[in-house]
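Read off the chains here:
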Amino acid sequence: MKREIKLGKAFYTVTAHRHGENYTTIIGENQALSARLEHVEGEDYQVIINDAATPVKLVTRGEQSFIKAFGRNFELEVIDPVDRAAEKSGSGSVVTAPMPGIMVEVNVQPGQQVVEGEPLLCIESMKLVIVIKAWRDGNIGTVNYAEGDTFDKNAVLVTMVEEETEAGEHSCAG
Amino acid sequence: MARIRKVLVANRGEIAVRIIRTLKKMDIASVVVYHAVDAHSIAVQESDETVEIFGPTPVAAYIDHDALIDACHKTGADAIHPGFGFVSENAEFVRRVKTEGITFIGPEAEAIDLMGNKVGARAFCIKNNHPIAPSVTDECGMEQFIECAKEIGTPLLIKAAAGGGGKGMHIVRDDSGNNIETAVKLASTEALRSFGDSQVYVERYIDNPRHIEVQVLADHHGNVIHLGERECSIQRRFQKVIEEAPSPTIDAELREHICNTAVGIARSADYLNAGTVEFIVEPSGEFYFLEMNTRIQVEHPVTEAVTGIDIVEQQISIAQGEKLNHSQSDVKKNGHAIEVRLYAEDPEQDFAPSTGPLLVYRPAPDVRFDNGFNEGQIVTSAFDPMLAKIVVHANSREETIKKALEGCEQTLVMGVTTNADFLKRVLNHPAFIAGKIHTGFIDEHKKALLSPELTPDELQVLLTAAALSNHAFNDPEFVAPELHASISSWRN
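Residues numbered from 1 in each chain as written. Chains lettered and ligands numbered in written order. Predicted model: local features only at pLDDT ≥ 70, side-chain atom pairs only at ≥ 80, totals over all residues.

### Describing the overall build of chain A
Then, in step 1: Tallying secondary structure elements over chain A gives 2 helices and 16 strands in all.
Then, in step 2: Counting over 174 residues, chain A shows a buried share of 22%.
Then, in step 3: Here the analysis covers contacts within chain A between residues at least 6 apart in sequence; of these, 37% occur between residues at least 24 apart. (Helix = DSSP H or I, 4+ residues; strand = E, 2+ residues; numbered from the N terminus. Buried ≥ 20, exposed ≤ 12 C-beta atoms within 10 Å, placed from the backbone. Contact = placed C-beta atoms within 7 Å.)

Here it is, written out as C-alpha cells:
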C-alpha cells in the first residue's frame, strides 16, 4: 500500500505493508521501519517505530488525521492518487478559493477578453476582501458563482480559456 | 425605571452564554434567539426560553430588527441585551426598542450615533479638548482629500468612518503615483459593503503604537467610573488576539492620565452604561483617542478578573436605573489577567479562517473558558472564526503568562485548525515576556512566530500515525492498481 500524505504544503510518499501486528513502513526513499499504532484510550495512541514509543492524540475524519504530538497540533491528509494526478497536470487556468467566503462582485462574463491585471472578481471571507485579477491576457472560460453566492474552500471561482499557442501542450488536459 | 424581569439575548456564541449565566445569577429569566445553524449551541441549551429566527443568511437573522422585537413581545421579555456585533451599536434599533417599551441594556441612541461615526467622534473630541491624532476627512472631495493626506505624510492609515473590527482599514507607506487614491477607493468600497456608509478618513499611522483601552461605567445618576485599562496591542489584521490587564507598558502616572481622559470623554458624551474608550499610545507616551465602543467588549473578562466586578451585572443594574455600587476609590485591582482568543484559523496561511467539525473539543481545567460551542458542532464560515476565550488570572504577569501557556496547551481542539500553537509561541516569545509589545508585534516577529521545522523523527511519527490510522492502509483486500502506484514520488 502506497500513498501520498500531505502535511502543511509538503507531500510525502508513505508505503506500508502489514506483517502480523507490525507494519513495514517506508517514508520516501528512507530505510524501512517496523511500526505499529497502539490505541490507549479515547484519542490517545502510541506510535511505535522500531520499538520506540511516542504518545500522540489522534482522531480521523475521512482521509484527514488530526494529531497532537510534541505539544503541537497537526493536520495530515492521505491524498487520493487520482486527485493528485489531476492536480499535478493542472493547467493553471483556474482560480480556487483560498478560504470559504462570499462572492461580492463579478466584473466579467464568460467569453470576455481580459488583460493581465484586470480585476475579475471580488470575494470576501469574514474580515478580508480579496480582488482576483487576471493573471495573464486571455478569455474568461467560466464564472461559477454569482454575486452574493457563498463558496467553500478550494471551490473553482473562475477559469480562463487555454491560450491557442499553448493548446498543443495542454491538449490532453481537456 | 422598572426592574428587569426577563431579558432577550440578541446574540449567539460565547457572549450569549456569558450573558445568560449572569442573568441566572441575578435571578432574571433569559430568552435567546437562534438561527438553525446554532440550534445545538450552549446558549440554546442554557437559556430559559428560545425563539428561532430566520434569514437569508445566519447573520441576517441576528440583525433582523422586526424578528428581535417580535421575539420580545412573544416571550414577554422586557429588556434586550445585544452583546457585541450584530445590533449592539445600531442606534436605529435602540430607538425602535425604546418606542416598543423595551429596555435596551446599553447606551442611549445619541451616544451610539456620536461614537458610531468616527469623523463625528473626532470632531466631538476636538470640541471638548480630548487628544486625537492628526487626520483629514473626505468631505472636501477626492483631490483635496489626497492633497491633505499627503500633507500629513506617510505612513497613513485609511479608515472607514462607520468602521470597526479592522474592516475598511488600509495603510499607505508610499504616497507616490495613485497609491493613496487606490487605497481610499478600496477602503471606501469595503466600508460601503460592511457598514452601508462609504465615508472614509485618513490619519497619521503611528509606527509601533500600543492599543490601550479603558473600561468605563456610567449610571443614570451622573456617576462615571473606570475599571482600569486593558492592553490590547497583540493583534493580527487589526484584530485583537491577546489582551491583558493591567497594561505592562505604562507607568502609574500615564495609567491615571489615560483612565481619567476616558472618564472625561464618557462624561462629555453624556454616556450611559458600560463602554470602552480606546486609545493609541505612541512609544513616547503621547496618546490619542481612537474610538469608543458603545457596548460590552470581547475582552471584558480580563477587567472582571482583576477587579472582581461582573460587567454584565453592572450593565443590567444600570439599565434598571440603579446607582453604581462602586465609587472610583472602591475599585481595587488584584493581580494580573490575560485573555487569549482561540480562533479557528490557520496562522501559517495568513490567518485564513478554517471550518470543520469539532471532533474533539475540551477546555483546559482551571481556566475561565468563555465558549459557545459543543463538541461535535460544526464551525462554519457564517460567523467570525472565534471559538472561545481562555482567561487566566494570577498574582504576577510572569505567573499569568505561564497559566495562559498551560491553558493553550491543555485545551484540546481537533477537527479544525486553530491558532492555539501560535498563541503559545507569542506567549513564549522573549519580547512578549519582556512587555516589549506594540500593534505590529506579530508582523515584527513573523519569522520567530512561524511553526518550527519538524525533526526527521517527528516527521516519521506523524506520517506513520496518519498512514496507520487511515482506512485505506488498513484494508487487507486493497491492492493499489499499477497506474496509482506509479504516480507517487518523493517530494519535499
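### Observations concerning unusual backbone geometry
Residues and elements named next belong to chain B.
Then, in step 1: With an omega of -5°, the peptide bond running from T154 to P155 counts as cis.
Then, in step 2: The omega torsion across A245 and P246 is -5°, close enough to zero to call that bond cis.
Then, in step 3: Within the fold, P246 resides in the loop between strand 12 (239–245) and helix 10 (252–268).
Then, in step 4: The backbone of N208 sits at a positive phi, close to 50°, despite the residue not being glycine.
Then, in step 5: Relative to the assigned elements, N208 resides in the loop between strand 9 (200–204) and strand 10 (210–218).
Then, in step 6: Look at N208 and you get partly exposed, because 14 C-beta atoms sit within 10 Å.

### Focus: the sheet that holds strand 6 (residues 52–61) of chain A
All names here are of chain A.
Then, in step 1: What the 8 strands build is a closed barrel, ordered 1-2-3-4-5-6-7-8; its pairing is antiparallel. Strand-to-strand, the axes of this sheet are offset by a mean angle of 35°, without reference to chain direction.
Then, in step 2: Here strand 1 (residues 2–7) runs beside strand 8 (residues 72–79); their pairing, made up of 4 bridges, is antiparallel. Looking at the pairing, L7 lines up with L76 of strand 8. (Pairing = 2+ DSSP bridges. Axes fitted to C-alpha atoms, helices over the stretch in contact; angles between N-to-C directions.)

### Looking at the sheet that holds strand 14 (residues 287–293) of chain B
Residues and elements named next belong to chain B.
Then, in step 1: Taken in spatial order, the 8 strands line up as 14-13-10-11-12-15-22-20 in an open sheet, and their pairing is antiparallel. Each having just a single partner strand, strand 14 and strand 20 (368–371) make up the two edges of the open sheet. When strand polarity is set aside, the average angle formed by the axes of neighbouring strands in this sheet is 25°.
Then, in step 2: Relative to strand 12, strand 11 (residues 224–236) runs antiparallel, the two being bridged by 4 bridges.

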